[in-house]
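# Overview (structure and organization)
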Amino acid sequence: MIEENINQLRPTSLKDYIGQEEVKKQIQVFIEACRKRNQPLDHTLLSGPPGVGKTTLASLIATELGSNITITTGSILNKKSDIAGILSSLNEGDILFIDEIHRMNKAVEEILYPAMEDFKLDILVGKGKSARSIRISLPRFTLIGATTKTGMLSSPLLSRFGIVLHFDFYDEKSLSKIVKNTAKRLNIGITEEACLEIAKRSRGTPRIANNILKRVYDYTVVHGKTEIDLDLALQALNFLGIDEFGLNQKDIFYLKTIIEKFENKPVGIKTISSAINEEIDIIEEIIEPYLIRIGFLKKTPRGRVATEKALKHLAII
């Protein structure tokens, strides 16, 4: 088994960041501009599927600017005091990174409006009739938010981001480079062909590619080998239940439920969630985007339907 700090696998500079070329080009310009103006970077929203490098880019932005970064997640910011405490601890030029910002409590979100726009923090002091609001000045900071669901952000919050960058799934060539780099950092011997095969089955996602690499290496070690070649990679991937399209057992169960249980007639997300005993968020954010991308699933006004391509792949027609 391989144990490592997650930061060991992340690039240490923008030039080492693989993929997302348009995003990288844009952020390099924005960083250079704020350096020349000697001003903090505008508040930035990073949107896209899970595992495609949003958190990594936020950390690299802080590195490039020489700024401290505070990292939190929207789902744990439940009270106004949670975000107020974080904001009041920031220094000039610091970066506050909020992952899953769409999950943030609405009351907490409202605290961010004056903080983002005017660098002010409104605090309620006292209780009852004696309560009063005081306004505290904050240092100029940059909020970087990451989301998999831009549509869930309110208009007032979305409008306060001066920079909006969209991340897409990775192509196989970029993923193969990431697998190769990760293998080098973890001292794993692997051939170019094996890197590409893992990349092909990684659903366009670096996080998944790195996880598959580690599990394939576990399989390699157990079988007394020191290098992952193509044959070993194929054996391991088959053992892990990851097919040539990158589908795993959960994906196949999802598709077969629609096809067999519901006769491939349009079915709603809540019904599917109950049928496969899986959370709706997992289905919408992890399972469905990739199935839609590879043409295995269609969303219709009446519900989800598996495509003919999916039926052929599963040998149902």
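Analysis parameters
Residues numbered from 1 in each chain as written. Predicted model: local features only at pLDDT ≥ 70, side-chain atom pairs only at ≥ 80, totals over all residues. Heavy atoms only, no water. UniProt positions renumbered as here; feature names shortened; annotations may be inferred. 1 Å grid on protein atoms, 1.4 Å probe; cavity = no way out; pocket = protein on both sides within 12 Å on 5 of 7 lines; lining within 4 Å. Helix = DSSP H or I, 4+ residues; strand = E, 2+ residues; numbered from the N terminus. Buried < 20%, exposed > 50% of the residue type's maximum accessible area, 1.4 Å probe, protein only. Contact = heavy atoms within 4.5 Å. Polar contact = N/O pair within 3.5 Å; in protein donor to acceptor, adjacent residues only side chain to side chain. Domains from an automatic or database assignment. Points joined across faces, edges and corners; volume = space filled by probe spheres on them. Nonpolar A, V, L, I, M, F, W, Y, C, P; charged D, E, K, R; others polar. Axes fitted to C-alpha atoms, helices over the stretch in contact; angles between N-to-C directions. Parallel < 35°, antiparallel > 145°, perpendicular 65-115°, else oblique. Core = buried A, V, L, I, M, F, W, Y, C linked by side-chain atoms within 4.5 Å. Pairing = 2+ DSSP bridges. Expected span 1.5 Å × (residues − 1). Salt bridge = Lys/Arg side-chain N within 4 Å of Asp/Glu carboxyl O.

### Re the UniProt feature "binding site: ATP" (unreviewed entry) in the protein
- The feature "binding site: ATP" (unreviewed entry), as given by UniProt, occupies Leu9, Arg10, Gly51, Lys54, Thr55, Thr56, Glu117, Asp118, Phe119, Arg160, Tyr170 and Arg207 in the numbering adopted here. Judged by maximum C-alpha separation, these annotated positions cover 199 residues in sequence and are scattered in space, the widest gap reaching 37.1 Å. Checking the annotated residues one by one, the ones that line the largest pocket turn out to be Leu9, Arg10, Gly51, Lys54, Thr55, Thr56, Tyr170 and Arg207.
- Inspection of the secondary structure assignment puts Thr56 in helix 2 (residues 54-65).
- Given a relative accessible area of 12%, Thr56 falls into the buried group.
- When near neighbours in sequence (up to four residues on either side) are disregarded, Thr56 contacts Arg10, Pro11 and Tyr17.
- Side-chain polar atoms of Thr56 contact the side chain of Arg10, separated by 3.2 Å.
- Its location among the elements puts Tyr170 in the loop between strand 7 (163-166) and helix 6 (172-185).

### Some words on the domain arrangement of the protein
- Domain annotation for the protein reports domain 1 (6-166), domain 2 (172-240) and domain 3 (249-314).
- Each of domain 2 and domain 3 has a C-alpha centre, and the two are 28 Å apart.

### Re the layout of surface pockets
- A volume near 770 Å³ is recorded for the largest pocket.
- Around the largest pocket, the lining is made up of 35 residues, and of these Gly51, Val52, Gly53, Thr56 and Arg207 lie nearest the centre.
- Counting residues per element, the ones that place at least two in the lining of the largest pocket are helix 2, strand 6 (142-147), helix 6, helix 8 (206-222) and helix 12 (280-293).
- At five residues, helix 8 tops the list of elements feeding residues into the lining of the largest pocket.
- Looking at side-chain class alone, the lining of the largest pocket contains 13 nonpolar, eleven polar and eleven charged residues.
- Residue lining of the second largest pocket: 23 residues in total, with Arg203, Ile208, Asn248, Asp251 and Ile286 positioned closest to the centre.
- When residues of the lining of the second largest pocket are traced back to their parent elements, those giving at least two are helix 8, helix 10 (249-261) and helix 12.
- Broken down by element, the lining of the second largest pocket gets its largest block of residues, five residues, from helix 12.
- Split into classes, the residues belonging to the lining of the second largest pocket amount to eleven nonpolar, six polar and six charged.

### Let's talk about the packing of helix 8 against helix 9 (residues 230-240)
- Where helix 8 contacts helix 9, the axes come no closer than 9 Å and their chain directions differ by 105°. Between helix 8 and helix 9, the crossing angle belongs to the class labelled roughly perpendicular. Contact residues: Ile212, Arg215, Val216, Tyr219 and Thr220 in helix 8; Leu232, Ala233, Gln235, Ala236, Leu237, Phe239 and Leu240 in helix 9.
- Here the contact of helix 8 with helix 9 is built from residues that sort into nine nonpolar, two polar and one charged.

### Looking at the nonpolar core
- Residues Ile27, Leu57, Ile61, Ile190, Leu213 and Ile228 are the most contacted members of the largest nonpolar core, which totals 47 residues.
- Per-element accounting of this core gives the leading share, six residues, to helix 8.
- Ignoring any residue separated from it by four or fewer positions in sequence, one finds Ile190 in contact with Val179, Ala183, Cys195, Ile198, Leu213, Glu227 and Ile228.
- Counting 25 residues, the second largest nonpolar core, distinct from the first, contains Leu77, Ile83, Leu90 and Leu96.

### Some remarks on the side chain of Ser176
- The residue Ser176 is located in helix 6 in this model.
- Apart from the residues within four sequence positions on either side, Ser176 is in contact with Glu192, Cys195, Leu196 and Ala199.

### Considering the sheet that holds strand 7
- Here we have five strands laid out as an open sheet, ordered 2-3-6-1-7, and parallel in their pairing. Strands at the two margins of the open sheet, each flanked by one partner only, are strand 2 (69-73) and strand 7. Taking each pair of neighbouring strands and ignoring which way they run, the sheet shows an average axis angle of 15°.
- As judged from the four bridges shared by strand 1 (residues 44-47) and strand 7, these two strands associate in the parallel manner. If you follow Thr44 over to strand 7, its bridge partner there is Ile163.

### Focus: helix 4 (residues 106-118)
- If you check helix 4, its first and last C-alpha atoms are 19 Å apart, about what 13 residues at 1.5 Å a residue would give, namely 18 Å.
- Between a side-chain oxygen at the N-terminus of helix 4 and the backbone nitrogen of Ala107 the separation is 2.8 Å; the capping residue is Asn105.
- Looking one or two residues beyond helix 4, the residue adopting positive phi is Phe119, at roughly 55°.

### Digging into the pattern of salt bridges
- Counted under the stated rule, the structure contains 24 salt bridges.
- Its salt-bridge partner being Lys149, residue Asp281 comes within 3.7 Å of it at the nearest N-O pair. Pair noted here: Asp281 is in helix 12 and Lys149 is in the loop between strand 6 and helix 5 (155-158), with a separation of 132 residues, a long-range link.
- A relative accessible area of 31% places Asp281 in the partly exposed class.
- When salt bridges with common partners are traced through the structure, they connect Glu100, Arg103, Lys149, Asp281, Glu284, Glu285, Glu288, Lys299 and Arg304 into a single cluster.

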